[in-house]
Amino acid sequence: MSVMKWLALAAIIAGAFAAGLQVSRQKAAIASRIGGAQNPASSGKDGVSDLKSSVELKRALGEVFAKHAGGDRLLAFVELLNRTPVSQLGELIGQLQFCPYPDERAEFLKLAYAKWTLAEPQAALANAEAASLHAGKLDPLPLVFETWAGTNPQAALAAARQLANLVYRTKEINAVLDIWVTSNQMAALAALKALHTGQGD
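Treat the numbers as computed from the prediction; the structure is a model and nothing was measured.

Reading the values: rules and limits
- Residues numbered from 1 in each chain as written.
- Predicted model: local features only at pLDDT ≥ 70, side-chain atom pairs only at ≥ 80, totals over all residues.
- Heavy atoms only, no water.
- Core = buried A, V, L, I, M, F, W, Y, C linked by side-chain atoms within 4.5 Å.
- Buried < 20%, exposed > 50% of the residue type's maximum accessible area, 1.4 Å probe, protein only.
- Contact = heavy atoms within 4.5 Å.
- Helix = DSSP H or I, 4+ residues; strand = E, 2+ residues; numbered from the N terminus.
- Expected span 1.5 Å × (residues − 1).
- Axes fitted to C-alpha atoms, helices over the stretch in contact; angles between N-to-C directions.
- Parallel < 35°, antiparallel > 145°, perpendicular 65-115°, else oblique.
- Left-handed = near helix turned anticlockwise from the far one by under 90°.
- Nonpolar A, V, L, I, M, F, W, Y, C, P; charged D, E, K, R; others polar.
- Salt bridge = Lys/Arg side-chain N within 4 Å of Asp/Glu carboxyl O.
- Phe/Tyr/Trp six-rings, centres within 6.5 Å; stacked < 30°, edge-to-face > 60°.

A. Geometry of the nonpolar core. Counting 48 residues, the largest nonpolar core has Phe 77 and Phe 145 as the members making the most contacts within it. Setting aside residues no more than four positions away along its own chain, Phe 145 makes contact with Leu 125, Ala 156, Ala 159, Ala 160, Leu 163, Glu 172, Val 176 and Ile 179.

B. How the structure looks around helix H7 (residues 102–119). Here H7 spans 26 Å end to end across 18 residues, near enough to the 26 Å set by a 1.5 Å rise per residue. Within H7, the full set of buried residues consists of Phe 108, Leu 109, Leu 111, Ala 112, Tyr 113, Ala 114, Lys 115, Trp 116 and Thr 117.

C. The arrangement of the packing of helix H8 (residues 121–131) against helix H9 (residues 141–151) in detail. Interaxial distance between H8 and H9 falls to 8 Å at its minimum, and their mutual angle equals 160°. Between H8 and H9, the angle is such that the two are roughly antiparallel. Judged by the sense of rotation from one axis to the other, the crossing of H8 with H9 is left-handed. Residue-level inspection shows Pro 121, Gln 122, Ala 124, Leu 125, Ala 128 and Glu 129 of H8 in contact with H9, the latter providing Leu 141, Val 144, Phe 145 and Trp 148. Among the residues making up the contact of H8 with H9, the classes are represented as eight nonpolar, one polar and one charged.

D. Highlighting the pattern of salt bridges. In total, this model carries two salt bridges according to the counting rule given. A salt bridge links Arg 73 to Glu 104, with the nearest nitrogen and oxygen atoms 2.8 Å apart. In this pair, Arg 73 is assigned in helix H5 (residues 70–83) and Glu 104 in helix H7, connecting sequence segments 31 residues apart. The class for Arg 73 is buried, based on a relative accessible area of 5%. Under the relative-accessibility criterion, Glu 104 is labelled partly exposed at 22%. The closest approach of N and O atoms between Glu 146 and Lys 110, which form a salt bridge, is 3.5 Å.

E. Representation of the packing of H9 against helix H10 (residues 153–161). One can describe the packing of H9 onto H10 by two numbers: an axis separation of 6 Å at closest approach and a directional angle of 140°. Compared by their axis directions, H9 and H10 come out oblique. Contacts between H9 and H10 involve Phe 145, Trp 148, Ala 149 and Thr 151 on the former and, on the latter, Pro 153, Ala 155, Ala 156, Ala 159 and Ala 160. Considering only residue class, the contact of H9 with H10 consists of eight nonpolar, one polar and no charged.

F. Seen up close, the packing of aromatic side chains. Applying the stated criterion across every chain yields a total of four aromatic pairs. Ring geometry for Phe 77 versus Phe 108: centroids 4.4 Å apart, planes at 20°, classification stacked. You can see Phe 77 sitting in helix H5 and its partner Phe 108 sitting in helix H7, a full 31 residues away along the chain. For the residue pair Phe 77 and Phe 108, the accessibility class agrees, reading buried in each case.

Everything listed is a geometric property; what it means functionally is a separate question.
Quick look at the structure:
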């Protein structure tokens, strides 16, 4: 990495640290309801059974689309997500391609990848990396790294550096550092320095 690129990254990190991460009250409230994402082992709590089959998952998601509107639809999806075992998250994400509401689909994907990343980050990353090749405007890779960087930035940075695509690799390295600096500025700057000197290889 050239000195100019290093300085540019340092400037990005400084800007992110100054700005911080703003989380809206609505998203915070919704995030607090994702019991399965907070604790992947907690799905099926409060008397609600996990989904048992692909048919059940498809039917339940169809009901979310058909029977709810606006904010109620989002909350219904959160409840469905809590019932979805980690082993079926890839299938749930695949079914979301049929969501007839583009803006809400982006929110649904973000929540689903968040739960998967907390439980199995490597599996979530493999799915997102494959999907990114034909994702169009909605690239799922940032959805994985946003969550991963917030919980284990060292591992997220190492994974970002292994992405095959140079554009994705550069973008996600920067994204991880941006998030990392908001929680531990010194560690993030040390990681950036290691990248610059080649010690992070």
